[in-house]
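Below, each chain spelled out in residue letters.
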Amino acid sequence: MLFKPDLNETAKKTAGDRIARVASRARRRTVSIAITLIILGGLGYIAWTSFQQKQAANRGRPDLPVPVLAATPRIQDVPVYLDAVGAVRALNTVTVRSQVDGKLIAVNFTEGQDVKKGDVLGEIDPVIYKAQYDQAVAKKAQDQAQLANQRLDLTRYQQLSASNAGSKQQYDTQRAVVAQQEALVNADQAAIDNAQAMLGYTKIVAPLSGRTGLRQVDQGNIIHAADATGLVIITQLQPIAVQFSLPQQQILRVNAASAKAPLKVDVFGNDGTTVIDSGTLKGIDNQVDPTTGTLKLKAEFPNASFQLWPGQFVNVRLKVDTLSQAVVVPTSAVQRGPAGTFSYVIGHDDIVTAKPIVVTQQNESEAAIASGLSPSDRVVTTGFANLSDGAKVIIGSDSQTPTADLAPRKKGSRGPQTNDAQGKDGKAERRAKKGESGQGGGEGSAAQGGEQSGSGAKSQR
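Summarised in this report is the structure supplied together with it.

**Observations concerning the pairing of strand S15 (residues 313-330)**
Regular strands have side chains that alternate between both faces of the sheet. Pairing analysis gives 13 bridges linking strand S2 (residues 74-90) to S15, with the strands arranged antiparallel. In the strand pairing of S15, valine 85 is matched with asparagine 315. Pairing between strand S12 (residues 264-268) and S15: four bridges, direction antiparallel. Each bridged residue has a counterpart across the sheet, and for valine 265 the counterpart in S15 is leucine 318. Here S15 runs beside strand S20 (residues 366-371); their pairing, made up of four bridges, is antiparallel. Residue pairing across strands places valine 329 opposite alanine 367, the latter belonging to S20.

Right under this line is the structure:
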């Protein structure tokens, strides 16, 4: 007879195993969640601690003064300038052309030469024009001889007419003939003047003083009065003009300043800081350019050193006013915040206070202050990184400002020691001190070890 297990007991046993497995899984999951939370909490604590340390490092120790540099405002006259970009233009440019046709037999200048007004630049073969002149002179002499004879006849006819020995009509006719001959002589003189002018045009002269450019025609060529190129171009370089533009918002300011006195204009060199020439404003255009909204102005410069060249672009500044006895501070002392411009003023016990200021004019180095500062104040110019309102400062000198190395130093080179070098020296000193403070036995054992290693090396050989 076979034994059959009880089905109820088997089911109960299977359910118990399932419950045990579920409970085991729940415990493992709980442990995993707990471990994960612990790890995340530790990482968060580490991050929060690091953030707090950085915050404390950025804030700095409140009990230590902040090193800064300071300056005292000055009282001086400050010129007011308007900056612009201009182009150099020659006052006069002339293309020298021939006024008659002929062969160019001589060129009396070199390219780039300075010439004076009236200098002969080239010569055209004058043979034909000299012959025409001589012909006109001879024609006048012939007509003058006839005029002299006709005047004698007029005198005779006048005497005969007065004594009734001749007709009066003959006298009147002779007088008309003399008048015609006189007009012919005048025409001959005009022809002589024209021939003389043509002969003079065979010498091509400079119409103004200036500098010649590149020669357009070589000697030996036939040139014509209708040629478009001409012989050479002469440009006047002394004095010279600069044309520049200003925004239309400055029209009233410039007109008001120019009505008082001639305005001074400066031109800067390639570095943008050196004034290479100074001149005066000569003209203001009568209308605003509608495409750019700017107004053209023209200034004239002596250009004594030929530093300005036609077609060159230059930086220009126009002086329109002067601020009398203004408070001036370094530009670095002017700070900007959400509420506007301000400066840190050093007060009693070297405590700084942020004071609002009004800046009238500012450039790269100086700023004119309209209000907010007095000549007795001390303003901070350097050291704003850890500075705040109410902080205590320590004022240094300009000689204490750090200077950057022009090039990195080679490792092991002598010179000012860096922090790494100082750290290495400190470690070496500490090791040396430990070696000196060690026991003699230690030194002996070290020496013995060295000897043993040496003997071992010898034995290996």
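**A closer look at the layout of surface pockets**
For the largest pocket, the calculated volume is near 550 Å³. Secondary-structure elements contributing two or more residues to the lining of the largest pocket are S2, S15, strand S19 (358-362) and S20. Ranked by residue count, the leading element in the lining of the largest pocket is S2, at seven residues. A class-by-class count of the residues in the lining of the largest pocket yields nine nonpolar, eight polar and five charged.

**A word on the pairing of S19**
Relative to S20, S19 runs antiparallel, the two being bridged by four bridges. What sits directly across from glutamine 362, in S20, is alanine 367. The loop that links S19 with its antiparallel partner S20 comprises three residues.

**Examining the sheet that holds strand S3 (residues 93-96)**
Read across the open sheet, the four strands follow the order S3-S10-S8-S5; overall the sheet is antiparallel. The strands lining the two open edges of the sheet, one partner per strand, are S3 and strand S5 (114-115). As paired strands, S5 and strand S8 (residues 210-212) are joined by two bridges and run antiparallel to one another. What sits directly across from valine 115, in S8, is glycine 210.

**A word on the sheet that holds strand S9 (residues 222-223)**
Pairing is antiparallel in the open sheet, where four strands are placed in the order S7-S6-S4-S9. Either end of the sheet is taken by a strand with one partner, and the two such strands are strand S7 (203-205) and S9. The sheet contact formed by strand S6 (residues 120-124) and S7 spans three bridges and is antiparallel. Among the inter-strand pairings, glutamate 123 is bridged to a residue of S7, identified as lysine 203.

**Structural notes on the side chain of glutamine 361**
Checked against the element boundaries, glutamine 361 lands in strand S19. Within polar-contact distance, the side chain of glutamine 361 engages the backbone oxygen of proline 79 at 3.2 Å. Non-local contacts of glutamine 361, meaning those with residues more than four positions away in its chain, are made with Pro79, Val80, Tyr81, Glu366, Ala367 and Ala368.

**Some points on the pattern of salt bridges**
A complete count under the given rule lists 12 salt bridges for this structure. For lysine 139, the salt bridge goes to aspartate 188, with nearest N and O atoms at 3.8 Å. With a gap of 49 residues between them, lysine 139 in helix H2 (residues 127-162) and aspartate 188 in helix H3 (residues 168-200) connect regions that are remote in the sequence. It is possible to trace a salt-bridge network through shared partners that takes in Lys139, Asp143 and Asp188.

**Remarks on the nonpolar core**
Ranked by internal contacts, the top residues of the largest apolar core, which has 23 residues, are Phe244 and Val254. Those residues in contact with phenylalanine 244, other than ones at most four positions away along the chain, are Ala84, Val85, Gly86, Val265, Leu281, Leu295, Lys296, Leu297, Ala299 and Val316. Counting residues in each nonpolar core, the second largest holds 16 residues, with Val100, Leu104, Tyr129 and Leu231 among its members.

**Some words on the side chain of aspartate 188**
For aspartate 188, a relative accessible area of 7% translates into the label buried. Aside from chain neighbours lying at most four places away, what touches aspartate 188 is Ala136, Lys139, Lys140 and Asp143.

**Some details on H3**
Compared with an ideal rise of 1.5 Å per residue, which puts 33 residues at 48 Å, H3 spans 48 Å between its outermost C-alpha atoms and is within 8% of the ideal. Those residues of H3 that fall on the buried side of the exposure criterion are Tyr171, Gln174, Val178, Gln181, Val185, Asp188, Ile192 and Ala195. Close packing links the buried residues of H3 with H2.

**Describing a nonpolar patch on the surface**
Residues Val31, Ile33, Ile35, Leu37, Ile39, Leu40, Leu43, Tyr45, Ile46 and Trp48 make up a contiguous nonpolar surface patch of roughly 1100 Å² in combined accessible area. In this structure, isoleucine 46 sits in helix H1 (residues 7-59).

**Section: a positive patch on the surface**
Together, Arg18, Arg21, Arg25, Arg27, Arg28 and Arg29 make up a positively charged patch on the protein surface. Among the secondary structure elements, arginine 25 is positioned in helix H1. Accessibility expressed as a relative area gives 52% for arginine 25, which makes it exposed.

Here is what the cut-offs are and how they apply
- Residues numbered from 1 in each chain as written.
- Predicted model: local features only at pLDDT ≥ 70, side-chain atom pairs only at ≥ 80, totals over all residues.
- Heavy atoms only, no water.
- Pairing = 2+ DSSP bridges.
- Helix = DSSP H or I, 4+ residues; strand = E, 2+ residues; numbered from the N terminus.
- 1 Å grid on protein atoms, 1.4 Å probe; cavity = no way out; pocket = protein on both sides within 12 Å on 5 of 7 lines; lining within 4 Å.
- Points joined across faces, edges and corners; volume = space filled by probe spheres on them.
- Nonpolar A, V, L, I, M, F, W, Y, C, P; charged D, E, K, R; others polar.
- Polar contact = N/O pair within 3.5 Å; in protein donor to acceptor, adjacent residues only side chain to side chain.
- Contact = heavy atoms within 4.5 Å.
- Salt bridge = Lys/Arg side-chain N within 4 Å of Asp/Glu carboxyl O.
- Core = buried A, V, L, I, M, F, W, Y, C linked by side-chain atoms within 4.5 Å.
- Buried < 20%, exposed > 50% of the residue type's maximum accessible area, 1.4 Å probe, protein only.
- Expected span 1.5 Å × (residues − 1).
- Patch = residues over 30% accessible without salt bridge, like charges linked within 9 Å, V, L, I, M, F, W, Y side chains within 5 Å.
- Areas by Shrake-Rupley, 256 points an atom, 1.4 Å probe, with all protein chains shown as cover.
- Lys, Arg positive; Asp, Glu negative; His and termini not counted.
- Charge placed at Lys NZ, Arg CZ, Asp CG, Glu CD.

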